[in-house]
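Observations on chain architecture
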Amino acid sequence: MIDIKILKNLYKTMYTIRTFELQCIKLYRQGEIRGYFHPYLGEEAIAAGVCAALGGDDYITSTHRGHGHCIARGADLDRMTAELLGKKTGYCRGLGGSMHIADFTGGNLGANGIVGGGIAMGVGAGLSCKTQDQKGISVIFTSDGASNNGIFMESLNLAAIWKLPVLLVIENNQYAVSTPIEDSTAESDLYKRGIGIGVDSFQVDGNDVIAVYSKSLEAVKKCRNGQGPILMEAKTYRHGGHHVNDPGLYMPKDRLEYYKSRDPLILCREYLTETAQVKQDDLERIQQEVESEMDQAIEFAAKSPELTLDEFKKMTEVY
Amino acid sequence: MIDIKILKNLYKTMYTIRTFELQCIKLYRQGEIRGYFHPYLGEEAIAAGVCAALGGDDYITSTHRGHGHCIARGADLDRMTAELLGKKTGYCRGLGGSMHIADFTGGNLGANGIVGGGIAMGVGAGLSCKTQDQKGISVIFTSDGASNNGIFMESLNLAAIWKLPVLLVIENNQYAVSTPIEDSTAESDLYKRGIGIGVDSFQVDGNDVIAVYSKSLEAVKKCRNGQGPILMEAKTYRHGGHHVNDPGLYMPKDRLEYYKSRDPLILCREYLTETAQVKQDDLERIQQEVESEMDQAIEFAAKSPELTLDEFKKMTEVY
Amino acid sequence: MPGQAAAVQTAAREIFYREALNEALRQEMRRDPSVFLMGEGIAGRGGSYKVTVGLLDEFGTKRVMDTPIAEASFTGVGIGAAITGMRPVVEILFVDFTMLIMDQLVNQAAKYHFMSGGTRSVPMVLRTQGGVGNGLAAQHSQSLEALFYHIPGLKLVMPSTPYDAKGLLAGAIRCDFPVVFIEHKMLYMNKGYVPDKEYVIELGSGDIKRPGRDVTLIAWSNMIPRSLSAAQKLAGEGIDVEVVDPRTLVPLDKKLILESVRKTERVVIVQEAPRRGGVASDIASIVQEEAFDYLDAPIQICAGRNTPIPFNLNLESISIPQEEDIVQAVKNVFVS
Amino acid sequence: MPGQAAAVQTAAREIFYREALNEALRQEMRRDPSVFLMGEGIAGRGGSYKVTVGLLDEFGTKRVMDTPIAEASFTGVGIGAAITGMRPVVEILFVDFTMLIMDQLVNQAAKYHFMSGGTRSVPMVLRTQGGVGNGLAAQHSQSLEALFYHIPGLKLVMPSTPYDAKGLLAGAIRCDFPVVFIEHKMLYMNKGYVPDKEYVIELGSGDIKRPGRDVTLIAWSNMIPRSLSAAQKLAGEGIDVEVVDPRTLVPLDKKLILESVRKTERVVIVQEAPRRGGVASDIASIVQEEAFDYLDAPIQICAGRNTPIPFNLNLESISIPQEEDIVQAVKNVFVS
Ligand SMILES: Cc1ncc(C[n+]2csc(CCOP(=O)(O)OP(=O)(O)O)c2C)c(N)n1
Ligand SMILES: Cc1ncc(C[n+]2csc(CCOP(=O)(O)OP(=O)(O)O)c2C)c(N)n1
Ligand SMILES: [Mg+2]
Ligand SMILES: [Mg+2]
């Protein structure tokens, strides 16, 4: 049985991601946030479960759907929100935005606007860990869509031949924008791709944070013991369209309903209250904490200045 | 039992490749042929066996080690030799050379200087066959080294989801220049990569032309029946260094000896004389035929003119 | 000259740039059964910018194909299909992602005709979309035409109006060589006159978007509407700007450009892409080489900054030429 | 100025360009344990052009790594390693193959510092090799520097001599930004003076390879030796050519170039790459913009043809500037 503090933290992380996304979507609709915004709604269990198994020396690389990973690695909501608003106090001083958010304190090397763009980079972080005898491992978050891009197999093969401490996580939400996985693969169990090149590979229920966490613990341990790389496919489903402006009408209603009934937050709450005997009150306290943190973050971000033209010029002189 | 005429032709094709390579290597050493030259020596059974299973409407794409494929698709030695000598009468008017030789009469869309460069193109030819209701299929020759490049898995996946009439042949000679396959893969049975993405995949002894031919017949039939794509891994070994100027000293002597003892021409000759009861004389007649054809080709090529500057300018105006 | 015809008839049928592209695709697909489309989300969804809407219904899944996120390979598939008798129009969602297909474009498509001794060519159109707009940040805002421009064997088209978009896309599809066709994300919703009927603009013919006497302003893609506004403003200040739109950068209508330069004797080139190593520099180098004695002042290049594009909207807008920058650049050629 | 120092001491220790590169790698690997090498066949085999010979023995497999043929991913690995504290020197066998890594270079490495708000950078060197030589044909003979030149965030170095090769490679390795370092296949066996001792040439400093009064000739990489021969020939005909080698194209030593131009008032730029959209055009655009009033004649660009490189040796050689073409180009600036 998992420690109760850990369980609560898993819930808190997921609730934070949920809250952050919902609040920021509001800001987006108000025109405060611009550009692309790909919500992590419905997939929270993956980032939360995987990152709970990590330590402070570990690296992650993230995707275009990266807010969840960033939060799960302990990012400061103030600076995240500020980044989404394009402010100087943001993680990237407002130059990156949602698709490029990075948080080096959390070992988060960044979201990526290129599907599959962070995979090789993550293998490189794993190489640093191994050859510089750093203590960490490298976790690469990636997606079903990215697994069809050449860089996926290339990179995993490099990690395999060099036996790097790398955990590659496919967030298989079964869609690339509107293209269902059945149209982009002939074998939709994506972990099998790892087996074909000699990588220890498995699948997990990506809506079940307890399962993700437990499997991640094992995988991370193996990576630390030099038994990496490992490929983990987490099956899940988006709670809506591809990005904020996509109504996602192509998603069959019944499947969406099914997955919403298996909302990772609901499943976790059930587990916490029923199996782990956590009190409803405790959970509500967590939720309130998160909500007020988020309110503060929005205030902080709104009040923050933008990078000035002079500062911008100074920073970019070097190019 | 395979028809005796086919058997003899298999031998003839292999002997032609062998002869062409040996004669052209001489020309290379005399300084008549320049640029890169990657001999197909030791791998003749693959091109010969696969192409014997093809028909006139079929396409192939080839590699940097492409003379064998070109010959096995029935290319004219005159024009091949002329191309290697950079002459106007060559298949590419002397502009392509060894690494870019193409022969459209033989459905050969070309050798390629980029490792893996012809794979996607070959899938495209397969797409033409399917959507234009052409009768052909597309055979892609590729290599162990290319299978580590992203384009390999990307392309095979496309062929798989679109169910294209594509036969992808990996010529696994266990080296990429000096890098042994053990250093570039964690799973050196490369056909398993196909299984991971839902492609019908198998391995064959690439030095046994009878085996290659038989397996190819089946695979080609499946492709024609809409059961493609198919991945065939043919294991083999080079008879020398990577290119003409590479002594290949890194190749362990005993392994090289082993593979030379299994020289595809020797194995085939044994099969022909012992199992198929072909007379030694018949084989010798074939060899003489080939040799005189090659002598003529060299003469033709040597006598041929080069493209003039004016012709060159005229052709390239369009760029 | 089609551009002038267009100007006359602006009162007539006006449609969006994206609709004009759609019409061109439909026109060519009806005409020639070997034309087909490939790309991400272009079939049922009709494409991220709605350019391919309705084509699946008319032409079916064999001719309007959705692809996985596998840009390099599906571009290569297009090349192979083109060599074997088809006319693919391959869509890459953002020009930024063409960086994934450079080997296929540069080493395969561009060189195929040449390497095969002129025997076969690759009649493929690579449709893509670029430029700055709405905070899409560094990996979704680039203007990368200079990279294609430099590669012998590629044609390069960048239409600025709905009229040109339709005619040039048809021209690109009929071209026997690989064409990189770059649309601009901020132009899709621009409206303009487009004839209902079939027409084709041949690659290599530029267009005078605004005749003028005092200075030749060369621009393309989304810098055309911006330059036209600047020209209007300058007209109020007594400077009569001739706005030349090459429309296709390869082949480049040098004749049109040089004629204008010989008339005005002053040149401004406006480019959204970063200044360093852009197409503007090359056009400048041609003009100074071929019309040196006509030039009264140095050619002014008004271009994007040498930085990636920032997410922040204010900084984004100062990263590329705005109307006032263009006005200033034009004034500069009269100062020196 | 190191180039002049070099000229004085040519009698001293002479080594090959490829050996000079090897010395730089060894020097930097000894100095800084975070420097490591990756590439195809660079370890045991010592690289296709023997640049990395002996380094495996001294530094072991952790620091001299052979890779599969997986250019995009191992470049990405280099980027990730660079961000997390290492200094990778990644080798791509031919610049032609960099087309496979453009996404990693352009969208990741070049933009990382910027997109992270200046927080982290990518101190990686991408060593590669380009240019025409010995019939390697269209996919192994390109000069693609213009593509990197245009991308903000990349540095670009193209040494022409053994002396520069050593100093600049050391400078590139110490640079905190991604550097594309392009060697030339025909220079590896050139010999020249190279000090035994450690030295570093900072990126951004050009070099006068031959002082002269009459005309400024700007060239780089393998066009330097060829231009120097041409200059010598021209000296016999009374034309005193100043040969300026920027050595690094980004950053570009504009000051050195403009000083020379203001002195000679005539400019020839020699480039092996195709004429259209090359770096020469950009340098010309800068010169005409910043030294317009000094120019007595149009800037002459002597460049490669706008075609892929043919296999046939005679056609290969007419595809890029030869000594006589350079001589002619210089004479042209005195005619008009
Ligand atoms: C290389 C590349 N191609 C296309 C895109 C456009 N795009 C952005 S997200 C997306 C779908 C991604 O699907 P998937 O990889 O499964 O991730 P998900 O959005 O489902 O999390 C696409 C096609 C891109 N950003 N990068
Ligand atoms: C993309 C690319 N990378 C590197 C090379 C240089 N190169 C030419 S052949 C070769 C080895 C190829 O090995 P393999 O793919 O197994 O084919 P083989 O030579 O064994 O037939 C290499 C690395 C290339 N031509 N293209
Ligand atoms: Mg998905
Ligand atoms: Mg091999």
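Rules used throughout
Residues numbered from 1 in each chain as written. Chains lettered and ligands numbered in written order. Predicted model: local features only at pLDDT ≥ 70, side-chain atom pairs only at ≥ 80, totals over all residues. Heavy atoms only, no water. Donors = N, O, S within 2.8 Å, 3.2 Å for Na, K, Ca; no water. Least-squares fit on C-alpha atoms with pLDDT ≥ 70 in both. Contact = heavy atoms within 4.5 Å. Buried area = accessible area lost by both parts, 1.4 Å probe. Salt bridge = Lys/Arg side-chain N within 4 Å of Asp/Glu carboxyl O. Polar contact = N/O pair within 3.5 Å; in protein donor to acceptor, adjacent residues only side chain to side chain. Helix = DSSP H or I, 4+ residues; strand = E, 2+ residues; numbered from the N terminus. Nonpolar A, V, L, I, M, F, W, Y, C, P; charged D, E, K, R; others polar. Pairing = 2+ DSSP bridges. Axes fitted to C-alpha atoms, helices over the stretch in contact; angles between N-to-C directions. Disulfide = S-S within 2.5 Å. Domains from an automatic or database assignment. Buried < 20%, exposed > 50% of the residue type's maximum accessible area, 1.4 Å probe, protein only. Left-handed = near helix turned anticlockwise from the far one by under 90°. 1 Å grid on protein atoms, 1.4 Å probe; cavity = no way out; pocket = protein on both sides within 12 Å on 5 of 7 lines; lining within 4 Å. Points joined across faces, edges and corners; volume = space filled by probe spheres on them.

Describing the coordination of the magnesium ion (ligand 3)
- Coordination of the magnesium ion (ligand 3) by the protein is provided by Asp144(A) (OD), Asn173(A) (OD1) and Tyr175(A) (O), with metal-donor distances spanning 2.0 Å.
- Site description for the magnesium ion (ligand 3): donor spacing in sequence, D-x28-N-x1-Y.

Some details on the relation of the copies chain C and chain D
- By a simple turn and slide, chain C fits onto chain D: the slide is 0.0 Å along the axis, the RMSD is 0.0 Å, and the turn is 180°. Taken together, the turn and the small shift mark the pair as related by a two-fold rotation axis.
- Counting the interface residues of chain C, we find that 100% of their copies in chain D are interface residues as well, pointing to one common contact surface.

Here we look at the interface of chain C and chain D
- Facing 48 residues of chain C, the contacting portion of chain D comprises 48 residues.
- Summed over both partners, the interface of chain C with chain D comes to about 4200 Å²; 64% of that surface belongs to carbon and sulfur atoms.
- Taken together, chain C and chain D are joined by 4 salt bridges.
- Between Glu289(C) and Arg275(D) there is a salt bridge, with the nearest N and O atoms lying 3.2 Å from each other.
- Linking chain C to chain D there are 28 residue pairs in polar contact (both at pLDDT 80 or more).
- Among the elements that take part in the side of chain C that touches chain D, helix H5 (residues 102–115) of chain C stands out by supplying 8 residues, more than any other.
- Its residues assigned to classes, the side of chain C that touches chain D comprises 27 nonpolar, 13 polar and 8 charged.

A word on the sheet that holds strand S14 (residues 300–304) of chain D
Residue and element names in this part refer to chain D.
- One open sheet holds the 5 strands; their spatial order is S9-S11-S10-S13-S14, and the pairing between them is mixed. Looking at strand neighbours, the two that pair on one side only are strand S9 (207–210) and S14, the edges of this open sheet. Ignoring which end each strand starts from, the neighbouring axes of this sheet average 25° apart.
- In the sheet, strand S13 (residues 267–274) pairs with S14 via 5 bridges, with the strands oriented parallel. If you follow Val-270 over to S14, its bridge partner there is Cys-302.
- Packing of helix H12 (residues 323–335) onto the sheet brings it into contact with strand S10 (215–218), strand S11 (241–245), S13 and S14, and relative to S14 it is tilted by some 160°.

Focus: the state of the cysteines
- Applying the stated rule across the entire model yields 0 disulfides over all chains.
- Of all cysteine sulfurs, the one in Cys70(A) lies closest to Cys24(A), which takes part in no disulfide; the gap is 11 Å.

Some thoughts on the domain arrangement of chain C
All names here are of chain C.
- Examined at the domain level, chain C breaks down into domain 1 (4–194) and domain 2 (207–332).
- The gap between the C-alpha centroids of domain 1 and domain 2 is 25 Å.
- Taken together, the contact pairs 28 residues of domain 1 with 30 residues of domain 2.
- Between domain 1 and domain 2, the buried area comes to about 2300 Å², and carbon and sulfur atoms account for 60% of it.
- The largest per-residue losses of area from domain 1 upon contact with domain 2 belong to Val-132, Tyr-149 and Met-158, which jointly make up 28% of the total buried on that side.
- The interface formed by domain 1 and domain 2 contains 2 salt bridges.

Thoughts on the coordination of the magnesium ion (ligand 4)
Residues and elements named next belong to chain B.
- Bound to the magnesium ion (ligand 4) are the protein donor atoms Asp-144 (OD), Asn-173 (OD1) and Tyr-175 (O), situated 2.0 Å from the metal.
- Sequence spacing of the donor residues for the magnesium ion (ligand 4), all on one chain, is D-x28-N-x1-Y.
- We classify Asn-173 as buried; its relative accessible area is 4%.

Describing the interface of chain B and chain D
- With 33 residues of chain B at the interface, the matching set in chain D holds 31 residues.
- Buried surface at the junction of chain B and chain D, summed over both partners, amounts to about 2500 Å²; 61% is from carbon and sulfur atoms.
- Contact with chain D buries surface across chain B, with Arg34(B), Phe312(B) and Tyr319(B) losing the most and accounting together for 22% of the total.
- In this assembly, chain B and chain D are joined by 0 salt bridges.
- Where chain B touches chain D, the interface holds 14 residue pairs in polar contact (both at pLDDT 80 or more).

Here we look at the packing of helix H2 (residues 44–52) of chain B against helix H9 (residues 209–224) of chain B
Residue and element names in this part refer to chain B.
- Remark: H2 packs on H9, axes separated minimally by 7 Å, with the N-to-C direction vectors making an angle of 35°. Here the hand of the crossing between H2 and H9 comes out right-handed. On the side of H2, the interface is formed by Ala-45, Ile-46, Ala-48, Gly-49, Val-50 and Ala-52, while H9 contributes Val-209, Val-212, Tyr-213 and Ser-216.

Section: empty space enclosed by the protein
- Within the structure shown, the criterion is met by 15 cavities of 30 Å³ or more.
- The calculated volume of the largest cavity comes to roughly 280 Å³.
- Lining the largest cavity are 28 residues, with Glu154(A), Ala72(C), Leu100(C), Ala72(D) and Leu100(D) sitting closest to its centre.
- At the level of elements, helix H6 (150–161) of chain A, helix H6 (150–161) of chain B, H5 of chain C together with helix H4 (71–83) and helix H5 (102–115) of chain D are the ones that each hand at least two residues to the lining of the largest cavity.
- Partitioned by chemical class, the residues of the lining of the largest cavity number 13 nonpolar, 10 polar and 5 charged.

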